[in-house]
Every structure is written in structure tokens, then in C-alpha cells.
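# Chains, contacts and geometry: an overview
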Amino acid sequence: MAATDKPEMIYGNKTWTPQGILSYPKVFKPEINILKNNRLFYTCNLLLPKGEPFGELVKEMERVAVLAFGESRRKSSTHTNCPIRDGDTLCDKKGVLNTNHPEAGHWVIGASTGEDRKPMAVDRNGRPITDQTAIYGGAIGMLLVVPASYQVGKEFGITLFLSAVMKIADGDSLGGNTGFNVLTDLPASVEVAAHLKGRTTMRAAQPEPQRQTAAAFDQSDADAMMLQALNASPVKSYNDIPF
């Protein structure tokens, strides 16, 4: 392999996350990520209450890590720049731990994909969602992701490519073609999980949005900084991740 060649990426199987709370979903229109050379990305985070199991997600991440880097680097490759972050360690714009954000008390699972691979948005029955107001921060759902290895210079790890977002139920608002196959990729159960039933709400139908030139909503400086923190990819190892 030439010195300028990048190591081959190892792609895992499409895997559903556990049920959680959607956060900062950007699944209908890609947005610029200033921390990634101003490239356009579709993104969505999922908040998983601490104490709830990760299901098959971590197992598949570790399987890909072993295939790509070997057993000896399994833990380091899944914990460095990990797409699963501790919501209790996220800081506000002043660098102070912020316990008032929805991420507190949760694991934050982050997934993204490039502008040329738009993720699907579907309801609990696998029907496409076209109403862009139906996917919002606070809705209860799941992410279909593809764990994949990467290595850039001395940095290496596992990332999660976003394939689809499934909305299972409405929830309290937080105030955020990739190969998805509706016939084969639906999870075994789309009943609202026990630990999330207390968050379900009845949501009134939304009127068809009017065309506008300004953004549909304003984001506070604090929320903007939190989103930047969630999208950042510092070289950092998390030893407190429970896997």
C-alpha cells in the first residue's frame, strides 16, 4: 500500500440503536459542519437514559473494531473519538458543566452521513415521513446506523453512519438513499419501551409550513454551543463508557 493510501474502511451491519430521545435531527436537509471543513452532513443524535442497555449496537461496534484493528486495539478503537458520549460531561459555552441540558443523565449516540447519502425518515410502521415538523428534538425514536472503522494518520476509531431515523412516538420537545429497506430493516419491536412510556404525548397535527427565507426557528447561543460540542471530534478517550 502506498504511503498516501488510506487504510480500507471496514463496514459493519446495519444496526438499530435502542429506543431513545431524538436530539438535533437534521435528516431532511444537510447542514454545514464548521468543525469538519464546512462540509454538509445529515445528522441525528439519540439520547439513551443511563442504565438502559445498548442492545446490539456496542456488540457490532466492537466486532468491526476487531476486524479492522485486532483484538488488542478493540477497546481503544471504540473509546477514542467514540460516537457514544457521556451527556453529563458536556459543557456550556463557558466551559462549565451544564446539568440543565437534556443530555444530562443520558448517553449521547451520534450518527451522521454525507450530503450525497440522505437518510430515510419513517414512522413505526416503516412508512416514509415527509412532514419535516414530525421529526424534532424530543420525539421518541430509533436510529438505523452502520458502524465503520476509520484511520486518519495516527487517529483511528469507529464511527456511525446514519441510514434511517424511525419515529415511534411524540414526546416533550427539547426546543434538532443509504440502503434502508423497509421490508428487511425494521426492528423486531416498535412498541414504546417501558423506560420511555412516561415521555409519550399526543401531538396535534401541524399545518403545512409556509415557504420562508429565514430559518424555521431561532437557536439560542447556549443551544448552538451545545450542538457544536456534540458535533466536535476531539482526540479523546472515554474510560467511563460502560463497555
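Calculation criteria
- Residues numbered from 1 in each chain as written.
- Predicted model: local features only at pLDDT ≥ 70, side-chain atom pairs only at ≥ 80, totals over all residues.
- Heavy atoms only, no water.
- Helix = DSSP H or I, 4+ residues; strand = E, 2+ residues; numbered from the N terminus.
- Buried < 20%, exposed > 50% of the residue type's maximum accessible area, 1.4 Å probe, protein only.
- Contact = heavy atoms within 4.5 Å.
- Phe/Tyr/Trp six-rings, centres within 6.5 Å; stacked < 30°, edge-to-face > 60°.
- Lys NZ or Arg CZ within 6 Å of the ring centre and 35° of its normal.
- Pairing = 2+ DSSP bridges.
- Salt bridge = Lys/Arg side-chain N within 4 Å of Asp/Glu carboxyl O.
- Core = buried A, V, L, I, M, F, W, Y, C linked by side-chain atoms within 4.5 Å.

## Overview of the overall build of the protein chain
For the protein chain, the helix and strand inventory stands at three helices and eight strands. Along its sequence from the N terminus, the protein chain presents helices and strands in the succession β-β-β-α-α-β-β-β-β-β-α. Taking all 243 residues of the protein chain together, 46% fall into the buried category.

## Considerations on the side chain of Lys167
The residue Lys167 is located in strand E8 (residues 155-169) in this model. Aside from chain neighbours lying at most four places away, what touches Lys167 is Val122, Asp123, Arg124, Ile129, Ala134, Ile135, Tyr136, Ala139, Ile140, Gly141 and Arg203.

## Regarding the packing of aromatic side chains
Tallied over the full model, the rule gives three aromatic pairs. Ring plane angle 50 degrees and centroid distance 6.3 Å describe the contact between Phe54 and Trp107, whose orientation is recorded as tilted. Of this pair, Phe54 sits in the loop between strand E3 (39-49) and helix H1 (57-69) while Trp107 sits in strand E5 (residues 106-114); the two residues are 53 residues apart in sequence, bridging distant segments of the chain. Grouping residues by exposure puts Phe54 and Trp107 together as buried. Here Phe69 and Phe156 contribute two aromatic rings whose centre-to-centre distance is 5.2 Å and whose plane-to-plane angle is 55 degrees, an arrangement assigned as tilted. Residue Phe69 is found in helix H1, and its partner Phe156 is found in strand E8; the two are separated by 87 residues along the sequence. Grouping residues by exposure puts Phe69 and Phe156 together as buried. The lysine or arginine in question, Lys50, covers the ring of Trp107, its NZ or CZ lying 5.0 Å from the ring centre.

## Here's the deal with the environment of Arg203
Topologically, Arg203 is positioned in the loop between E8 and helix H3 (221-231). Contact partners of Arg203, with chain neighbours within four places excluded, come to Thr133, Ala134, Tyr136, Lys167 and Asp170.

## What to know about the pairing of strand E7 (residues 140-152)
Most of E7 is tucked away, with eleven of its 13 residues classed as buried. The sheet contact formed by strand E1 (residues 15-16) and E7 spans two bridges and is antiparallel. Among the inter-strand pairings, Thr15 is bridged to a residue of E7, identified as Val145. Taken together, the 13 bridges between E7 and E8 define a ladder with antiparallel strand orientation.

## Digging into the pattern of salt bridges
Per the counting criterion, the structure on display carries eight salt bridges. Between Asp86 and Lys50 there is a salt bridge whose closest N-O contact spans 2.6 Å. Separated by 36 residues along the polypeptide, Asp86 in strand E4 (residues 84-86) and Lys50 in the loop between E3 and H1 bring together distant segments of the chain. For Asp170, the salt bridge identified is with Lys167, shortest N-O distance 2.6 Å. Exposure remark for Asp170: the relative accessible area of 15% places this residue in the buried category. Connected via shared salt-bridge partners are Lys50, Asp86 and Asp88.

## Brief notes about the pairing of E8
Taken across its 15 residues, E8 has twelve buried, putting it largely inside the fold. Here three bridges tie strand E6 (residues 120-122) to E8, and the two strands are oriented parallel to one another. Looking at the pairing, Val122 lines up with Met166 of E8. Linkage of E7 to E8, two consecutive antiparallel strands, is achieved through a turn of two residues, within which Gly153 is found at a positive phi near 65 degrees.

## Points about the nonpolar core
Counting residues in hydrophobic clusters, the biggest one holds 31 residues, and the most contacted among them are Leu22, Ile84 and Leu143. Broken down by secondary-structure element, the contributors of at least two residues to this core are strand E2 (20-33), E3, H1, E5, E7 and E8. Val122, Met142, Leu144 and Val190 belong to the second-largest nonpolar core, a separate cluster that totals 16 residues.

## Comments concerning unusual backbone geometry
Phi is positive for Tyr24, close to 50 degrees, though the residue is something other than glycine. Here Tyr24 lies in strand E2.

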